[in-house]
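Structural overview
Chain residues, written in single-letter form:
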Amino acid sequence: MKPMNHFQEITTNREEFADDSLPPGPTSGSTTTGLSELSVSTSMSALNGDESFMGRDVSVVSKLSALVNHEDMEGLKKSQEFISAKLVKTADRLKEFNQFSSDTLKNQQWKFEEHTKVLVEMHKDLTAISRLTRNISQKLAKDYPEEATLAAQDLATSKNPQID
């Protein structure tokens, strides 16, 4: 029974690697090597200190690095540096803006608290004034009932003028 391999199989063409830089494949002579077999072979060679396999790794790495376009890599590196510098500037600007916002909030909060205190004092004053006015009008209505009813009627007519 074949062990389950969840990785893709690696297919190699032996003619491309004339110096035999890849580890040997399965004993059946097939050119398809499972990833698990390759990793087992790699770990076993590393444990046994197989220097020839280490040399093969270096040649594979050198062949892979030859496939890389170094101009493209430099372009990527420069664009990453540019983006990194832009992000640093943006972070500094955000830090400055947050500090400005914090200072503004403290200032506005202080003003808001002061205005609230003024409004509370005004409310107390207006409540006291309306209480005094009510008490005076009640005393006047008690002392002068006829004039109070006339004044009440006069107020009612002035609020609702009759249309002729």
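The residue numbers shown here count from 1 along each chain, following its written sequence. For a predicted model such as this one, the threshold for reporting local features is a pLDDT of at least 70, and the threshold for listing and counting side-chain atom pairs is 80 or more; totals across whole chains, interfaces and linings nevertheless cover every residue. Water and hydrogen atoms play no part in the side-chain values, which are based on all heavy atoms of the structure.

1. Quick notes on the overall build of the chain
Stated precisely, the cut-off is as follows: We count a stretch as a helix when DSSP gives it H or I for four or more residues in a row; a strand needs E for two or more, and each element gets its number in order from the N terminus. To sort residues, take the accessible area from a 1.4 Å probe on protein chains only and compare it with the maximum for the residue type: under 20% means buried, over 50% means exposed, and anything in between is partly exposed. The criterion used for residue contact is that any of the two residues' heavy atoms lie within 4.5 Å. With residues, only the protein chains shown are counted as cover, and all accessible areas are computed by Shrake-Rupley using a 1.4 Å probe.
Within the chain one finds four helices and two strands. Along the chain, helices (α) and strands (β) appear in the sequence β-β-α-α-α-α when read from the amino end. Counting the 164 residues in the chain, one finds 5% classified as buried. Contacts in the chain between residues at least 24 apart in sequence constitute 46% of all its contacts with a sequence separation of at least 6. On the chain, roughly 14,700 Å² of surface is accessible, and the fraction owed to carbon and sulfur atoms is 61%.

2. Quick notes on the pattern of salt bridges
We apply this condition: Salt bridge criterion: a side-chain nitrogen from Lys or Arg within 4 Å of a carboxyl oxygen from Asp or Glu.
Counted by the stated rule, this structure contains two salt bridges. The closest approach of N and O atoms between Lys 117 and Glu 114, which form a salt bridge, is 3.8 Å. Within this pair, Lys 117 and its partner Glu 114 are both found in helix 3 (residues 70–143), separated by three residues, close to a single helical turn. Here Glu 114 falls in the partly exposed class, since its relative accessible area comes to 31%. Residue Lys 124 is joined to Glu 121 by a salt bridge in which the shortest nitrogen-to-oxygen separation is 3.9 Å. In this pair, Lys 124 and Glu 121 are both assigned in helix 3, three residues apart and thus about one turn of the helix distant.

3. Notes on a nonpolar patch on the surface
Formally: Each patch is built from salt-bridge-free residues with over 30% relative accessible area, joining like charges within 9 Å and nonpolar side chains (Val, Leu, Ile, Met, Phe, Trp, Tyr) within 5 Å.
A grouping of Val 68, Met 73 and Leu 76 is seen on the molecular surface, where their side chains present a nonpolar patch of about 260 Å² in accessible area. In this fold, Val 68 is placed in the loop between helix 2 (51–66) and helix 3. Judged by its relative accessible area of 36%, Val 68 falls in the partly exposed class.

4. What about the confidence of the model for the chain?
The following threshold applies: Within a predicted model, pLDDT stands for the predictor's per-residue confidence, ranging from 0 to 100.
In this model, the chain carries an average pLDDT of 75, and 63% of its residues clear a pLDDT of 70 or more. Of all helices and strands in the chain, the one with the weakest mean pLDDT is strand 2 (residues 32–33) (40), whereas helix 3 scores best (95). Across residues 1–47, where pLDDT falls below 50, the model places 48 contacts with residues more than four positions away in sequence or in other chains.

5. Focus: helix 3
This is how it is decided: An expected span of 1.5 Å times one less than the residue number is assigned to each helix. Polar contacts here mean pairs of N or O atoms no more than 3.5 Å apart (in protein, one a potential hydrogen donor and the other a potential acceptor; neighbouring residues in sequence count only if both atoms are side-chain atoms).
Between its first and last C-alpha, helix 3 extends 106 Å over 74 residues, near the 110 Å set by a 1.5 Å rise per residue. The residue sitting at the N-terminus of helix 3 and contributing the capping side-chain oxygen is Asn 69; that oxygen lies 3.2 Å from the backbone nitrogen of Glu 71.

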